[in-house]
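The lines below spell out each chain.
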Amino acid sequence: MGTNVHPRRKPGSGGPHELYFKNLSKQKQVMEKNGNNRKLRVCVATCNRADYSKLAPIMCGIKAEPQFFELEVVVLGSHLIDDYGNTYRMIEQDDFDIHTRLHTIVRGEDEAAMVESVGLALVKLPDVLNRLKPDIMIVHGDRFDALALATSAALMNIRILHVEGGEVSGTIDDSIRHAITKLAHFHVCCTRSAEQHLISMCEDHDRILLAGCPSYDKLLSAKNKDYMSIMRMWLGEDIKPRDYIVALQHPVTTDIKHSIKMFELTLDALISFNKRTLVLFPNIDAGSKEMVRVMRKKGIEHHPNFRAVKHVPFEQFIQLVAHAGCVIGNSSCGVREVGAFGTPVINLGTRQIGRETGENVLHVRDADTQDKILQALQLQFGKQYPCSKIYGDGNAVPRILKFLKSIDLKEPLQKKFCFPPVKENISQDIDHILETQSALAVDLGGTNLRVAIVSMKGEIMKKYTQLNPKTYEDRIDLILKMCMEAASEAVNLNCRILGVGISTGGRVNPREGIVLHSTKLIQEWSSVDLRTPISDALHLPVWVDNDGNCAALAERKFGHGKGVENFVTLITGTGIGGGIIHQHELIHGSSFCAAELGHIVVSLEGPECLCGSHGCIEAYASGVALQREAKKLHDEDLLLVEGMSLKVEETVSAAHLIQAAKLGNAKADNILRMAGTALGLGVVNILHTMNPSLVILSGVLAGHYVNIVKDVIGRKALLSVQTVDVVVSNLADPALLGAASLVLDYSTRRIY
């Protein structure tokens with residue numbers, strides 16, 4: 001089906017756009033002059049049918065106020081090509097004088113042709129602009145022709161007003177649109193999000209106008225009285241409202257092969273759906289020629305259910321989409337203009353993936369099967385949605401004219417960008433260096449494996465937790481995986497990783513980075529070289545130490561032990577561990593068994609410990625020991641008191657024993673006091689052996705034991721050591737902080 005256009009109107013008779021604007025102008029407020037001594041010379045350059053639908057209302061407004069503006073119209077691009085409808089004629093029908101026609105399209109409809117077309121436009125435009133000498137050029141959108149216009153104007157020191165900048169869609173259009181934004185001096189955007197995008201792109205807020213889409217001025221004032229005649233003209237005499245489809249699909253220049261396949265699937269689905277369909281030819285982008293071949297291969301131009309057209313005048317197109325049963329394709333008009341009528345839309349593929357849309361739009365991003373598109377048609381066809389005004393309220397043109405009048409031509413032409421404040425570069429400052437230096441800390445517990453990024457100041461920047469695997473191979477694999485993930489994230493956090501510190505239970509040779517013998521809580525973890533595989537994989541130095549020693553290092557660097565010459569740390573958790581700092585240094589012992597404080601024997605006839613001995617502190621005061629005693633009470637129905645409950649599937653734990661003691665269970669309280677007394681006796685032995693000035697209790701049970709320990713010291717210790725301070729650690733995560741301390745202390749100190 002060929003191009004259908006109106007015969008040219010007589011000069012002065014007024015086209016539909018001009019008549020519309022005259023009606024709109026009656027509602028405008030009077031606009032003040034901006035003090036310029038002459039009219040503003042405005043050049044509007046239009047490249048295709050789509051941008052003209054947005055520019056025509058602005059052109060009508062400019063033409064209606066000749067006392068303020070001189071309008072010059074330049075036509076180029078696909079407007080002048082017969083295969084695309086010779087759409088320059090509709091500009092003439094709207095009674096605009098075309099100053100210049102520029103043939104800028106190099107045929108071929110492929111990527112090279114698009115580039116050559118931009119180049120040809122750049123060659124021809126300077127002569128035109130030299131003759132016109134406009135004060136400002138209005139450029140629309142994101143087409144490659146528009147990029148040539150903006151480039152020419154910017155290089156020739158002509159102010160540019162860009163319409164519809166800041167939006168996000170898809171494909172190469174985004175890049176072109178944002179490139180034009182950087183060349184433009186003034187911006188007219190359609191939505192609040194687009195305005196925010198422009199501000200984020202460092203554009204001057206004072207030069208951004210949130211006006212709405214100019215085409216909405218026409219859409220929202222459209223009259224419906226002639227829509228039946230328009231429908232019959234394009235779709236046949238027997239057509240009914242809401243019983244036909246409008247299809248408009250363009251190639252995606254970044255994936256031409258896929259977009260052609262998707263178009264083929266769309267046509268197959270439309271043929272199967274068996275509804276009258278108006279198919280508009282695609283635009284002139286690379287791949288359009290292949291899409292036209294697909295149409296002809298499937299006989300669309302001769303199919304009884306289809307009408308294939310190159311162009312529909314905008315005011316008629318409005319009526320067609322307003323009364324359609326569905327609009328399908330990937331054109332921006334589907335997600336923008338059609339929303340004004342609540343017509344159902346099926347948006348195919350990724351070409352408009354970033355656009356703001358109303359609830360009338362159903363996205364089929366992976367339109368890779370005919371059935372998927374057919375199901376979308378079945379879901380959408382014939383529905384009626386609420387009208388959406390996301391893109392405009394019908395008053396864009398008055399705002400744009402007022403904005404144009406406010407432009408002061410005496411202001412410097414050089415464009416300025418509003419960059420956000422940038423922090424002073426202090427990377428060579430010692431405080432900054434210390435702040436960004438960080439460690440990867442690994443805590444290998446009986447239940448969980450944890451990895452964290454820890455800064456020099458002890459801040460845990462990011463933490464990862466996984467269940468600790470049961471086998472050696474799985475455990476090593478998981479450590480490497482988590483460390484690599486953390487090292488990658490450290491770059492985003494601006495942290496420079498100095499090394500890896502590992503805290504693990506059991507006996508460790510820190511010089512070699514080998515776990516000599518682990519606790520029963522961590523199986524298959526003896527004679528394990530941790531340093532070599534992790535260092536080889538991450539290309540970082542690796543330190544390994546016992547978890548008790550790490551807790552002491554954490555206190556020395558970040559906690560109560562900071563600046564203290566001699567102190568002891570006791571960890572009260574699942575087990576009992578600790579670390580000794582003597583003359584500011586960590587004590588390891590001749591066989592790396594120092595500070596196994598949990599295995600100090602306080603009773604020859606005490607309960608059996610996991611180490612095989614009897615009467616160890618750990619056999620009385622550890623979480624495992626308390627859980628054991630809680631289970632004994634529960635089995636004898638002596639644990640629960642009023643205010644407590646225990647579900648059938650719930651495991652009895654040390655926490656239940658502590659709760660029972662708080663609620664007045666005398667037996668539970670006696671068990672806790674016995675555990676605290678055993679711990680206190682162990683501390684007394686430590687005081688008599690090491691004579692520290694500070695004892696730090698760490699771990700989840702520390703708060704329950706501290707007063708009992710102080711009482712035991714007062715009763716059992718020599719007077720010379722009773723002045724010792726006993727405190728509860730204030731560190732949230734001593735195991736990880738201690739592992740980090742291995743790195744941060746040893747990798748930054750100058751004397752070892």
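Residues numbered from 1 in each chain as written. Predicted model: local features only at pLDDT ≥ 70, side-chain atom pairs only at ≥ 80, totals over all residues. Heavy atoms only, no water.

Under an unreviewed UniProt entry, the name given to the protein is Bifunctional UDP-N-acetylglucosamine 2-epimerase/N-acetylmannosamine kinase, and the source organism is Pelusios castaneus. Regarding the protein, the UniProt comment filed under Subunit (unreviewed entry) reads as follows: "Homodimer. Homotetramer. Homohexamer. The hexameric form exhibits both enzyme activities, whereas the dimeric form only catalyzes the phosphorylation of N-acyl-D-mannosamine." The Subcellular location (unreviewed entry) field of the UniProt record for the protein holds the comment "Cytoplasm, Cytosol". (UniProt positions renumbered as here; feature names shortened; annotations may be inferred.)

(A) The packing of helix α10 (residues 256-273) against helix α14 (residues 370-380), seen in detail. The N-to-C vectors of α10 and α14 enclose an angle of 50 degrees; their axes lie 8 Å apart at closest approach. As far as their axial angle goes, α14 and α10 are oblique. Both α10 and α14 take part in a crossing whose hand is right-handed. Contacts between α10 and α14 involve Met 262, Leu 265, Thr 266, Asp 268, Ala 269, Leu 270, Ser 272 and Phe 273 from the former and Gln 370, Ile 373, Leu 374, Leu 377 and Gln 378 from the latter. Per-class residue counts for the contact of α10 with α14 are 8 nonpolar, 4 polar and 1 charged. (Axes fitted to C-alpha atoms, helices over the stretch in contact; angles between N-to-C directions. Helix = DSSP H or I, 4+ residues; strand = E, 2+ residues; numbered from the N terminus. Parallel < 35°, antiparallel > 145°, perpendicular 65-115°, else oblique. Left-handed = near helix turned anticlockwise from the far one by under 90°. Contact = heavy atoms within 4.5 Å. Nonpolar A, V, L, I, M, F, W, Y, C, P; charged D, E, K, R; others polar.)

(B) The packing of aromatic side chains, seen in detail. Going through the model one piece at a time under the given rule, you end up with 4 aromatic pairs. Taking the centre distance of 6.1 Å and the plane angle of 85 degrees together, the rings of Phe 186 and Phe 403 count as edge-to-face. Of the two residues, Phe 186 sits in strand β6 (residues 186-189) while Phe 403 sits in helix α15 (residues 396-405), which places them 217 residues apart along the sequence. By relative accessible area, which is 11% here, Phe 403 ends up buried. For Lys 405, the ring lying beneath its charged end belongs to Phe 68, and the centroid distance is 3.9 Å. (Phe/Tyr/Trp six-rings, centres within 6.5 Å; stacked < 30°, edge-to-face > 60°. Buried < 20%, exposed > 50% of the residue type's maximum accessible area, 1.4 Å probe, protein only. Lys NZ or Arg CZ within 6 Å of the ring centre and 35° of its normal.)

(C) Representation of the UniProt feature "active site" (unreviewed entry) in the protein. UniProt records the feature "active site" (unreviewed entry) for Asp 547 in the present numbering. For Asp 547, a relative accessible area of 30% puts it in the partly exposed group. For Asp 547, the contacting residues outside a window of four places in its chain are Ser 503, Thr 504, Gly 505 and Ile 571.

(D) Broad picture of the confidence of the model for the protein. Averaged over all residues, the pLDDT of the protein is 87; the fraction at 70 or higher stands at 91%. Mean pLDDT per element in the protein: helix α1 (residues 16-25) is the minimum at 47, and strand β5 (residues 159-163) is the maximum at 97. (pLDDT = per-residue confidence, 0-100.)

(E) Region of the structure containing the pattern of salt bridges. The full count for this structure, using the stated rule, is 38 salt bridges. Across the pair Glu 203 and Lys 182 runs a salt bridge whose closest N-O atoms are separated by 2.6 Å. In this pair, Glu 203 sits in the loop between α7 (192-200) and β7 (208-210) while Lys 182 sits in helix α6 (residues 171-183), placing the two residues 21 residues apart along the sequence. The exposure class assigned to Lys 182 is partly exposed, which follows from its relative accessible area of 31%. Linked by salt bridges that have partners in common, Lys 54, Asp 142, Glu 164, Glu 167, Asp 174, Arg 177, Arg 336, Glu 337 and Arg 355 make up one network. (Salt bridge = Lys/Arg side-chain N within 4 Å of Asp/Glu carboxyl O.)

(F) Fine view of a negative patch on the surface. A surface patch of negative charge is lined by Asp 110, Glu 111, Glu 116 and Glu 290. The exposure class assigned to Glu 111 is partly exposed, which follows from its relative accessible area of 45%. (Patch = residues over 30% accessible without salt bridge, like charges linked within 9 Å, V, L, I, M, F, W, Y side chains within 5 Å. Areas by Shrake-Rupley, 256 points an atom, 1.4 Å probe, with all protein chains shown as cover. Lys, Arg positive; Asp, Glu negative; His and termini not counted. Charge placed at Lys NZ, Arg CZ, Asp CG, Glu CD.)

(G) Spotlight on the sheet that holds strand β23 (residues 576-582). Taken in spatial order, the 5 strands make up an open sheet running β24-β23-β22-β25-β26, and their pairing is mixed. Pairing within the sheet leaves two strands with one partner each, and these edge strands are β24 (585-586) and β26 (725-728). In this structure, strand β25 (residues 694-698) lies alongside β26, joined through 4 bridges in parallel fashion. The residue bridging Ile 696 from the neighbouring strand is Val 727, located in β26. Packing against the sheet, helix α23 (residues 666-690) makes contact with β22 (567-572), β23 and β25, and its axis sits at approximately 160 degrees to β22. Against the sheet, helix α24 (residues 702-716) touches β22, β25 and β26, its axis set at about 170 degrees to β26. (Pairing = 2+ DSSP bridges.)

(H) Quick peek at α23. For α23, spanning 25 residues, the distance from its first C-alpha to its last is 35 Å, which sits close to the expected 36 Å at 1.5 Å a residue. Between a side-chain oxygen at the N-terminus of α23 and the backbone nitrogen of Lys 667 the separation is 3.1 Å; the capping residue is Asn 665. Looking at the residues trailing α23, positive phi occurs at Asn 691, about 50 degrees. (Expected span 1.5 Å × (residues − 1). Polar contact = N/O pair within 3.5 Å; in protein donor to acceptor, adjacent residues only side chain to side chain.)

(I) A look at the nonpolar core. Counting residues in each nonpolar core, the largest one holds 62 residues, and the members touching the most others are Ile 328 and Leu 377. No other element matches α10, which puts 9 residues into this core. Leu 377 has contacts with Ile 245, Ala 269, Leu 270, Phe 273, Cys 326, Ile 328 and Ile 346, leaving out every residue within four places of it along the chain. Residues Ala 595, Met 644, Val 706 and Ile 708 belong to the second largest nonpolar core, which totals 44 residues. (Core = buried A, V, L, I, M, F, W, Y, C linked by side-chain atoms within 4.5 Å.)

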